[in-house]
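The primary structure of each chain is shown beneath.
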Amino acid sequence: MYTAHPDRYAEMPYRRTGRSGLKLPALSLGLWHNFGPDRPVETQRAILRRAFDLGVTHFDLANNYGPPPGSAESALGDALRADFAAYRDELVISTKAGYLMWPGPYGEWGSRKYLLSSLDQSLSRMGLEYVDIFYSHRPDLDTPLEETMGALHTAVQQGKALYVGVSNYSAEQTREAARILAELGTPLLIHQPRYSMLDRRPETGGLLDTLDELKVGSIAYSPLEQGLLTGRYLDGIPEDSRAASDSPFLNSDAVTEELVGKLRTLHEIAGSRGQSLAQMALAWVLRQGRVTSALVGASSPRQLEDSVAAVGNLDFDADELARIDKIVKG
């Protein structure tokens, strides 16, 4: 039987989410990949146990995570029953709805019918009475935002979610979503954007400024840019890498000689900081406290340990930041 490490809160920093009372670990575990029937169950459970032992108290999911869709939530449900039943109140569990989950006109996007039906299905798969955070996974331009936000509000009113968030919304869409939710009496807790050293859109598009103004938290996904910032591509494209596969999220055309040159120079900067490239990339996202938490995936406990070690050095001097910007922006 699993017993959590007694010193699990000793090293991990926790950051307040916006103006709420909820604190998130600087690093959260995303169950997007590596949690499905194609992965050994014991490996999945070992990753979750190690995460919690290291102070990673937040497990992030979506209804369509797997593959196949739904399997990540089912895998977490099994782990919760086997290992974490006694620790539910120490965990933050989030899920999302917005992408295709089942056939027909009610199986995706932002309608009230889809969001609330999806949440019920997610709770059933995980064996939970509620999730801590329920997200609208993407904006739906064909559904009134009042309807989508109203569904999130209803989830809170029904006791099926404690907080609500949005993901992949623009700065303007986020501002309007926050306004609607405030009028309903359910504050917008958090936004989950894609953000990394190589993807600055939350900065250039004004999203981070908007979140600061609204006092809404943020949790960055793909902070390692689909593996590009892990150091695996310093010598080109490995045969077993995501870029060498048929992944829709990273293809070989993106890994140019110019990019590889930038990655090598970033790797040198990381080495001068006593970090791996992945650790520096995570630290960069978390710099200055503008981002509440960064989402990391893991295929093994050891990979997770390497990511968590990034919290040991989250500070950058002005010269380091200027060098990184010069390399990335060319």
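Residues numbered from 1 in each chain as written. Predicted model: local features only at pLDDT ≥ 70, side-chain atom pairs only at ≥ 80, totals over all residues. Heavy atoms only, no water.

### Observations regarding the layout of surface pockets
Next, step 1: Here the second largest pocket defines a volume of roughly 280 Å³.
Next, step 2: Along the walls of the second largest pocket sit 18 residues, with Arg 19, Pro 187, Leu 188, Leu 189 and Val 216 positioned nearest its centre.
Next, step 3: Only strand S7 (161–167), helix H5 (171–184) and strand S8 (188–192) provide two or more residues apiece to the lining of the second largest pocket.
Next, step 4: Counting residues per element, the lining of the second largest pocket draws most heavily on H5, which supplies 4 residues.
Next, step 5: Among the residues forming the lining of the second largest pocket, the class breakdown is 11 nonpolar, 4 polar and 3 charged. (1 Å grid on protein atoms, 1.4 Å probe; cavity = no way out; pocket = protein on both sides within 12 Å on 5 of 7 lines; lining within 4 Å. Points joined across faces, edges and corners; volume = space filled by probe spheres on them. Helix = DSSP H or I, 4+ residues; strand = E, 2+ residues; numbered from the N terminus. Nonpolar A, V, L, I, M, F, W, Y, C, P; charged D, E, K, R; others polar.)

### Quick notes on the packing of helix H1 (residues 41–53) against helix H2 (residues 71–84)
Next, step 1: Two elements in contact, H1 and H2, have axes separated by 10 Å at closest approach and are oriented at 60°. Comparing the axis directions of H1 and H2 gives the class oblique. Helix-helix and strand crossings are classified by hand; for H1 and H2 the assignment is right-handed. Listed contacts from H2 to Gln 44, Arg 45, Leu 48, Arg 49 and Phe 52 of H1 are Ala 75, Leu 76, Ala 79, Ala 82, Asp 83 and Phe 84.
Next, step 2: For the contact of H1 with H2, the class distribution of residues is 7 nonpolar, 1 polar and 3 charged. (Axes fitted to C-alpha atoms, helices over the stretch in contact; angles between N-to-C directions. Parallel < 35°, antiparallel > 145°, perpendicular 65-115°, else oblique. Left-handed = near helix turned anticlockwise from the far one by under 90°. Contact = heavy atoms within 4.5 Å.)

### Quick word on unusual backbone geometry
Next, step 1: Geometrically, the link from Gly 66 to Pro 67 is a cis peptide bond, its omega value of 0° lying close to zero.
Next, step 2: The residue Pro 67 is located in the loop between strand S4 (58–60) and H2 in this model.
Next, step 3: The residue after Pro 67, namely Pro 68, is reached through a cis peptide bond having omega -10°.
Next, step 4: By secondary structure assignment, the location of Pro 68 is in the loop between S4 and H2.
Next, step 5: A positive phi angle, near 50°, is found at Glu 225, a position not held by glycine.
Next, step 6: Tracing the backbone through its elements, the reader meets Glu 225 in the loop between strand S9 (217–220) and helix H8 (257–272).
Next, step 7: For Gln 226, which is not glycine, the phi dihedral falls at a positive 55°.
Next, step 8: Judged by its relative accessible area of 7%, Gln 226 is buried. (Buried < 20%, exposed > 50% of the residue type's maximum accessible area, 1.4 Å probe, protein only.)

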